[in-house]
Amino acid sequence: MEAQTHGQGGWCGLHVRLPAEKLHHVGSIGFAARIAAPEVFVARACIRSGGPDGFSDYFFDKHLLFRPEEASHVDAIPVHYREPMPMEAAWRELIFFLPTSNFRLSFIDLRLFVV
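The model shown is predicted, which means the values in this text are computed figures rather than measured ones.

### So, the packing of aromatic side chains
- Per the counting criterion, the structure on display carries seven aromatic pairs.
- Here the aromatic rings of Phe41 and Phe66 are separated by 4.8 Å at their centres, their planes lie at 10 degrees, and the arrangement is stacked. Highlighted residues: Phe41 in strand β4 (residues 41–51) and Phe66 in strand β6 (residues 64–66), separated in sequence by 25 residues. By the burial criterion, Phe41 is buried, and Phe66 matches it.
- Cluster of aromatic residues (ring-pair linked, three or more members): Phe31, Phe41, Phe60, Phe66, Phe96, Phe103 and Phe107.

Structure, rendered in structure tokens:
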């Protein structure tokens with residue numbers, strides 16, 4: 001993925017839809033990734049749950065470290081043991097908050113899980 005930015009932006013995000021509207025019988029929701037980038041930078045990820053009154057974000061504890069060498073990253077949010085994530089939502093997304101300046105990066109492998 002490559003992005004060239006123009007002007008002053010507040011954020012840049014990669015949104016991945018999650019088919020996990022109901023979480024009553026779920027223990028954790030997360031992802032595993034192999035990542036790399038020509039230059040070192042840090043990104044954040046969150047689960048966004050949406051409904052009729054807007055949305056709420058639940059950030060993963062670990063930051064993703066992109067660097068020239070391939071790296072593995074795994075993180076999960078325990079659904080019932082952190083700040084209360086809604087058990088039902090109209091939609092959910094996994095969002096990666098990326099740099100707001102020009103960048104190149106690779107998601108060599110990205111796997112989402114709901115267990």
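### Comments concerning the nonpolar core
- Counting 27 residues, the largest nonpolar core has Phe31, Ile47, Leu64, Phe66 and Leu94 as the members making the most contacts within it.
- For this core, the secondary-structure elements that each account for two or more residues are β3 (28–36), β4, β6, β7 (71–78) and β8 (91–98).
- Leaving out residues up to four positions away in the same chain, Phe31 has contacts with Ala45, Phe60, Leu64, His73, Val74, Asp75, Leu94, Phe96, Leu110, Arg111, Leu112 and Phe113.

### Notes on a nonpolar patch on the surface
- A cluster of nonpolar side chains, contributed by Val40, Val42 and Leu65, occupies part of the molecular surface with about 270 Å² of accessible area.
- Val40 sits in the exposed class, given a relative accessible area of 59%.

### Some details on the pattern of salt bridges
- If you walk through the whole model with that rule in mind, you get five salt bridges.
- The closest approach of N and O atoms between Glu69 and Arg67, which form a salt bridge, is 3.9 Å.
- Under the relative-accessibility criterion, Glu69 is labelled partly exposed at 48%.
- With a closest N to O distance of 2.8 Å, Asp109 and Arg111 form a salt bridge.
- Using a relative accessible area of 55% as the deciding quantity, one classes Arg111 as exposed.

### Description of the environment of Arg111
- You can see Arg111 is positioned in strand β10 (residues 106–114).
- Distance from Arg111 to Phe31, taken between C-alpha atoms, is 5.5 Å for residues 80 residues apart in sequence.
- In contact with Arg111, other than residues within four places in its own chain, are Gly30, Phe31 and Ala32.
- Of note is the side chain of Arg111, whose polar atom sits 2.8 Å from the side chain of Asp109.

### Topic: the sheet that holds β7
- Ordered in space as β7-β3-β10, the three strands form an open sheet in which the pairing is antiparallel. The open sheet has two edge strands, β7 and β10, and neither has a second partner. Strand-to-strand twist across the sheet, computed as the mean angle between neighbouring axes with direction ignored, equals 10 degrees.
- Note: β3 against β10, eight bridges, orientation antiparallel. Residue pairing for β10: Phe31 is matched across the bridge by Leu112.

Rules and cut-offs
The residue numbers shown here count from 1 along each chain, following its written sequence. Two thresholds apply to this predicted model, a pLDDT of at least 70 for residue-level local features and 80 or more for giving and counting side-chain atom pairs, whereas whole-chain, interface and lining totals are computed over all residues. The basis for the side-chain values is all heavy atoms of the structure; hydrogens and waters are excluded. Put simply, two rings from Phe, Tyr or Trp (the six-membered ring, in Trp's case) pair if the centres are within 6.5 Å, and we call them stacked under 30 degrees between planes, edge-to-face over 60, tilted for the rest. Runs of H or I in DSSP of at least four residues are treated as helices and runs of E of at least two as strands, each being numbered from the N terminus. When accessible area is computed with a 1.4 Å probe and restricted to protein chains, residues below 20% of their type maximum are described as buried, those above 50% as exposed, and intermediate ones as partly exposed. Throughout, nonpolar core names a set of buried Ala, Val, Leu, Ile, Met, Phe, Trp, Tyr and Cys residues whose side chains join them through atoms within 4.5 Å. In what follows, residue pairs with any heavy atoms lying within 4.5 Å of each other are defined as contacts. Note that patches include only residues with greater than 30% relative accessible area and no salt bridge, and the join distances are 9 Å for like charges and 5 Å for nonpolar side chains (Val, Leu, Ile, Met, Phe, Trp, Tyr). Each accessible area is a Shrake-Rupley result for a 1.4 Å probe, and residues are judged covered by the shown protein chains and nothing else. Any carboxyl oxygen of Asp or Glu that lies within 4 Å of a side-chain nitrogen of Lys or Arg is treated as forming a salt bridge with it. Counted as a polar contact is a pair of N or O atoms within 3.5 Å, where, for protein atoms, one must be capable of donating a hydrogen and the other of accepting one, and residues adjacent in sequence contribute only when both atoms are in side chains. Strand pairing is assigned whenever DSSP identifies at least 2 bridges connecting the two strands. Every axis in this analysis is a line fitted to C-alpha atoms, fitted for helices over the stretch in contact. Angles between the N-to-C directions lie between 0 and 180 degrees.

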